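Close look at the chain arrangement
This is what each chain is made of:
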Amino acid sequence: MTVRGAVPLGALSAACGVAAAVLLPVLTTNQALLSWAFLVLLYTALAQSWNLLGGFGGQVNLGHAAFFGLGALATRMLWLGGAPVILALAAGTGAATAAGIVIGAPSLRLRGPYFAIGTLAIAEILRITTGNVLPDVSSLPAGDLARYALAPRYYLAVFAAVTITSAAWWLARSRFGHGLAAVREDEAAAEAIGVGAFRHKLGAFALSSGFAGMTGGIFAYYHVSFYPAFVFSPVWTFDPLVIVYLGGVGTVWGPLAGAAFFVVLQEVLSLQVGEPHLLVFGLLFLVVVIAAPGGLVEALRALCRPGARRPAEVGSPPPA
Amino acid sequence: MTVLWQNVVFGALIGGLYGLAAVGLSLVFGVLNMLNVAHGELLMLGGYAAFWLFTLFGVDPFVSILPSAAALFVVGLVLYRVLFERLASAPGETKLKNSILIGFGVSLVLQTLALIAWTADERAVTTAAAGAVLPLGGAVVPVVRLGALIVAFLALGGLHLFLRRARFGRAIRATADDPGAASLVGIPVGTVFAVAFGLGSALAGVAGALVSTTDAVSPAIGLSWTLKALIVVVLGGVGHVFGTFVAGVLLGVAESVSGFFLGNAYREVMGLVLFLVVLSVRPQGLFARE
Amino acid sequence: MPGSAAPLLQVAALSKAFGGLLAVDDLSFTIDPGEVLGLLGPNGSGKTTTFGLVAGALRPDRGDILFAGRPVTRWPASRRAAVGIARTFQLIRVFLSLTALENVLVACLYGRGRARSPARARADACALLEQVGMAHKRDARARDLTLGERRRLEIARALATRPRLLLLDEPVAGLTATEVDAAVALFRGIRAEGVAIALVEHNVRAVRALCDRVVVLHAGRKIAQGTPEDVFAHAAVVAAYLGRR
């Protein structure tokens, strides 16, 4: 049966992909290629973290940048303050998770569009306040700069992309994920079969914001110098949102496909004047939202298996 | 004390523009149950229209209001027909969510187009009257800002009369109340939707032209204006033209007074906090009609 | 059965108002384990509101709800589902972009049967689809199903929670005569497994065929109760409340 055959095949290709990603720095010394791969992984991680709540949970969070920024800021301060980067990153992830619970609990009570607008307002408050409190650019000290190497950043990005994609894979199969899908479809009906809607949404919010913080932390470890307010910029919400929809919202592999496409097109088009890649992404995003809700993943699936079943917004459960 | 008073005056002046920006958004929301988050980008386009008419042909922005509104009406109509119309029959929650997503895509496209066409430079119109001020109880009132406030007020008055008195205006209000019933009594609901969207955009065009006289216009101003409009709509409720205007003035005053006490850098934070407080008291939003 | 004296559901002096309108007014009734109770009354008499109160979708203004001896009045809907209160909706609410199987599976994983292993849950979900005659539509998305199929899917989903009390809100509305017969047979089967049922239904044939007892509501108040025969024989009830839909 195709379904049974597809599971080991999928697992096999996933394992090959991870192995290739891990071995890449050993196989090549091409720094441009490595930075490119780093960006794909970083965007995959960030987009997937948005997808956990926005795609699987159906809650359009327009304040994702808040958690990316909190993770980035906490990690950067601790790391530059002398803490081992792993500890700093863990603290950044923890801070973003905690913030996710504190912010998620009230904002998830907002209905419909107010959740989207409310989260956007929170992220903007954090961005403006950070810009006021920490107006100076954060740069690496000369010593760190001399010792800077891309490889450890790259491996952390591999770790984040794999971890967060695994979380999505788990959501597509687990009991919690099934409950979350029910909540996304119809909260009242989900409650009526015993799924606590608020608990599920908050759980997904905490996961999503924690992973956004982890990604932000890696960005803070990677980037040589940036203004603290920059990590709270709305682009850290809007880019992952576009990537998720381009790749396939609510799918396990959509964010990876979308991120690769995003980074490649950015590379190709950034040779032109202005920011034409954003124009292309904006138009493609509109096409996807209006005409092709399955995104790239679904388009690929349709190409490979004509007549196959329609997009699983949440992957089907494993065969018994 | 004078400085505080000056802040209040300035806040009220800019707040009139917030109100005008919000009324367009609120009209679309009230009639179509769609949230056009590209509203700020439409305003930005209106600002550029006035800027170029002034720079190329020397047209005063207060005159450019009309061509700017007309152009934005057409832009709105096209956007509605091409993108938003397909949502018109979707159930409420889906319609809102998808309108946000489509609006987001539109804002990305418009912002990038503006960036490619006109660069990221901040533009402003400096007319002959730019430096003139009037005294008001110890504070000064820049003539241009006062003019913008008056025009905003007049535009809203015109809209109010149109919605109350004109046949088509009444059709719009009837459709906002109950599209099904409106269509049963022979109102062309599809046309009403399109015109309401166009009208909302035209109001953004008016607001944009006025903004060009007092503030900077650049491709990036959209998001901040959309947020302002959203805050005002949540504070003022939907369906009351003058209520929205008053809420806009209040937001302007609240911002500049908090800027006075907390430092200018925090003036925007105040509006956002106010917004969150209102939302947390009424999670369904003040949008909700009884 | 030694505990048969205790009712499964006990509703005492329940009231709920929406704005100025009293939708349910000082309503009391009980349902015994395994019993089928019909809730009758004209539209707007408070039947669906009563269901909402019992299932936990609405909070009462006054009154108490006891389920299996436990006060559940303040419990959220999900917690009530977990102890065995399941419902269907007047306007069918299935999970539209999930498959038929996923719709039922998620209810197997939650509800009263939440301790089941994933494999067991899946097998149970398949069996339930079989029971309602939907096995062939297992992998179809709910949005692609017909109205009748969605209704059966919704019933299978409710059963998947392993309810002790099943609230069915107009489960045969809009069905053909043959489909009504099939549905009645299905509900008899459910009842035979010991599940108590509360039924809101305008279809007199279905009510007669299924209900042990009926309660008649008007303007949120109970105006009559008894066996279907007794109540339908009551000319006033028939004329005033059942004659017009």
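Residues numbered from 1 in each chain as written. Chains lettered and ligands numbered in written order. Predicted model: local features only at pLDDT ≥ 70, side-chain atom pairs only at ≥ 80, totals over all residues. Heavy atoms only, no water.

Section: the overall build of chain C
Tallying secondary structure elements over chain C gives nine helices and ten strands in all. In terms of C-alpha radius of gyration, chain C reaches 18 Å, essentially the compact-globule figure of 18 Å for 245 residues. Along the first, second and third principal axes, the C-alpha atoms of chain C reach 50 × 40 × 40 Å. The buried share of chain C, reckoned over its 245 residues, is 53%. Considering only intrachain contacts with a sequence separation of at least 6, the fraction spanning at least 24 residues in chain C is 65%. In the form shown here, chain C has an accessible surface area of approximately 10000 Å², with 53% of it arising from carbon and sulfur atoms. (Helix = DSSP H or I, 4+ residues; strand = E, 2+ residues; numbered from the N terminus. Rg over C-alpha atoms; globule rule 2.2 N^0.38 Å. Buried < 20%, exposed > 50% of the residue type's maximum accessible area, 1.4 Å probe, protein only. Contact = heavy atoms within 4.5 Å. Areas by Shrake-Rupley, 256 points an atom, 1.4 Å probe, with all protein chains shown as cover.)

What about the side chain of Ser107 of chain A?
Residues and elements named next belong to chain A. Tracing the backbone through its elements, the reader meets Ser107 in helix H4 (residues 85-107). Taking relative accessible area as the criterion, Ser107 reaches 4% and is therefore assigned buried. In terms of polar contacts, Ser107 uses its side chain to reach the backbone carbonyl oxygen of Ile103, at 2.7 Å. Non-local contacts of Ser107, meaning those with residues more than four positions away in its chain, are made with Phe115, Thr119 and Phe205. (Polar contact = N/O pair within 3.5 Å; in protein donor to acceptor, adjacent residues only side chain to side chain.)

Let's talk about the packing of helix H2 (residues 39-57) of chain B against helix H8 (residues 189-214) of chain B
Residues and elements named next belong to chain B. Two elements in contact, H2 and H8, have axes separated by 6 Å at closest approach and are oriented at 50°. For the element pair H2 / H8, the angle class is oblique. In terms of crossing hand, the pair formed by H2 and H8 is right-handed. Between H2 and H8, the contacting residues are His39, Leu42, Leu43, Gly46, Gly47 and Ala50 on the first element and Gly200, Ser201, Ala204, Gly205, Ala207, Gly208, Ala209, Val211 and Ser212 on the second. Residues belonging to the contact of H2 with H8 are distributed by class as follows: seven nonpolar, eight polar and no charged. (Axes fitted to C-alpha atoms, helices over the stretch in contact; angles between N-to-C directions. Parallel < 35°, antiparallel > 145°, perpendicular 65-115°, else oblique. Left-handed = near helix turned anticlockwise from the far one by under 90°. Nonpolar A, V, L, I, M, F, W, Y, C, P; charged D, E, K, R; others polar.)

Some points on the domain arrangement of chain C
Residues and elements named next belong to chain C. When cut into domains, chain C gives domain 1 (2-84 + 163-242) and domain 2 (96-162). When each unit is reduced to the centre of its C-alpha atoms, the spacing between domain 1 and domain 2 is 24 Å. Each partner contributes to the interface: domain 1 provides 18 residues, whereas domain 2 provides twelve residues. The junction of domain 1 with domain 2 conceals about 1100 Å² of combined surface from both sides, 66% of it contributed by carbon and sulfur atoms. Broken down residue by residue, the surface that domain 1 buries against domain 2 is led by Ala82, Pro163 and Leu186, which jointly contribute 41%. Linking domain 1 with domain 2 are zero salt bridges. There are one residue pair in polar contact (both at pLDDT 80 or more) connecting domain 1 and domain 2. (Domains from an automatic or database assignment. Buried area = accessible area lost by both parts, 1.4 Å probe. Salt bridge = Lys/Arg side-chain N within 4 Å of Asp/Glu carboxyl O.)

Remarks on the sheet that holds strand E10 (residues 221-226) of chain C
Residues and elements named next belong to chain C. Spatial strand order, E6-E7-E8-E3-E9-E10: six strands in an open sheet with mixed pairing. Edge positions in the open sheet fall to strand E6 (85-87) and E10, since each of these has one partner strand only. Neighbour to neighbour, the strand axes of the sheet diverge by 20° on average, direction disregarded. Sheet topology places E6 next to strand E7 (residues 165-169); three bridges connect them, and they run parallel. Within E7, the residue paired with Arg87 across the bridge is Leu167. Relative to the sheet, helix H6 (residues 177-192) contacts strand E3 (36-40), E7 and strand E8 (196-200), its axis offset from that of E8 by approximately 150°. (Pairing = 2+ DSSP bridges.)

So, the pairing of strand E1 (residues 133-136) of chain B
Inspection of the sheet shows E1 of chain B paired to strand E2 (residues 139-142) of chain B by four bridges, in the antiparallel sense. Looking at the pairing, Pro135 of chain B lines up with Val140 of chain B of E2 of chain B.

Considering the interface of chain B and chain A
In this assembly, 35 residues from chain B lie in contact with 36 residues from chain A. A buried area of about 3100 Å², summed over both sides, lies between chain B and chain A, and 85% of it is on carbon and sulfur atoms. In this structure, the connection of chain B to chain A is made through zero salt bridges. Counting every contact that joins chain B to chain A gives two residue pairs in polar contact (both at pLDDT 80 or more). For the side of chain B that touches chain A, the elements supplying multiple residues, two or more each, are helix H4 (92-118), helix H9 (222-236) and helix H11 (267-281) of chain B. No other element matches H4 of chain B, which puts 15 residues into the side of chain B that touches chain A. For the side of chain B that touches chain A, the class distribution of residues is 27 nonpolar, four polar and four charged.

Re the arrangement of the chains
Summarising the chain contacts, two pairs of chains touch, and the pair with the most contacts is chains A and B. The two partners chain B and chain C share no contact, and the minimum distance between any of their C-alpha atoms is 11 Å.

What about the packing of aromatic side chains?
For any pair of aromatic rings, geometry is given as the distance between the ring centres together with the angle between the planes. For the structure shown, the criterion picks out 27 aromatic pairs over all chains. Arranged with centres 6.2 Å apart and planes meeting at 55°, the rings of Trp50 of chain A and Tyr245 of chain A form a pair that is tilted. Of the two residues, Trp50 of chain A sits in helix H2 (residues 31-54) while Tyr245 of chain A sits in helix H11 (residues 235-247), which places them 195 residues apart along the sequence. Each member of the pair, Trp50 of chain A as well as Tyr245 of chain A, carries the same accessibility label: buried. Summarising the aromatic geometry, the rings of Tyr18 of chain B and Trp225 of chain B are spaced 5.6 Å apart at their centres and angled 75° between planes, so their arrangement reads as edge-to-face. (Phe/Tyr/Trp six-rings, centres within 6.5 Å; stacked < 30°, edge-to-face > 60°.)

Focus: unusual backbone geometry
All names here are of chain C. Unusually for a residue other than glycine, Ala68 sits at a positive phi of about 50°. As for its placement among the helices and strands, Ala68 is situated in the loop between strand E4 (62-67) and strand E5 (70-71). On the basis of relative accessible area, Ala68 is assigned to the partly exposed category, the value being 38%.

A short note on the sheet that holds strand E2 (residues 21-31) of chain C
All names here are of chain C. Read across the open sheet, the four strands follow the order E2-E1-E4-E5; overall the sheet is antiparallel. What marks the edges here is a single partner per strand, and that holds for E2 and E5. Pairing geometry for strand E1 (residues 9-18) and E4, over five bridges, is antiparallel. Bridge pairing links Val11 to Ile65 in E4.

Description of the confidence of the model for chain A
Residue and element names in this part refer to chain A. For chain A, mean pLDDT is 88; residues scoring 70 or higher make up 91% of the total. Low pLDDT, under 50, characterises residues 1-5; the predicted model gives this stretch two contacts beyond four residues in sequence or across chains. A low-confidence stretch, residues 308-320 (pLDDT under 50), is modelled with 43 contacts involving residues beyond four sequence positions or located in other chains. (pLDDT = per-residue confidence, 0-100.)

Remarks on the nonpolar core
As a rule of thumb, nonpolar side chains are buried together in soluble globular proteins. Within the largest apolar cluster, 183 residues are counted, with the highest numbers of intra-cluster contacts made by Tyr154 and Tyr245 of chain A together with Val31, Leu32 and Val106 of chain B. With near-sequence residues (within four places) excluded, Val106 of chain B lies in contact with Leu286 of chain A together with Ala38, Leu79, Leu83 and Phe84 of chain B. Counting 60 residues, the second largest nonpolar core, distinct from the first, contains Leu159, Ala160, Val172 and Val184 of chain C. (Core = buried A, V, L, I, M, F, W, Y, C linked by side-chain atoms within 4.5 Å.)

Some thoughts on helix H10 (residues 197-222) of chain A
Taking 1.5 Å as the rise per residue, H10 of chain A with 26 residues should run 38 Å; its terminal C-alpha atoms sit 37 Å apart, in good agreement. Taking burial as the measure, the 26 residues of H10 of chain A include 22 buried ones, the bulk of the element. (Expected span 1.5 Å × (residues − 1).)

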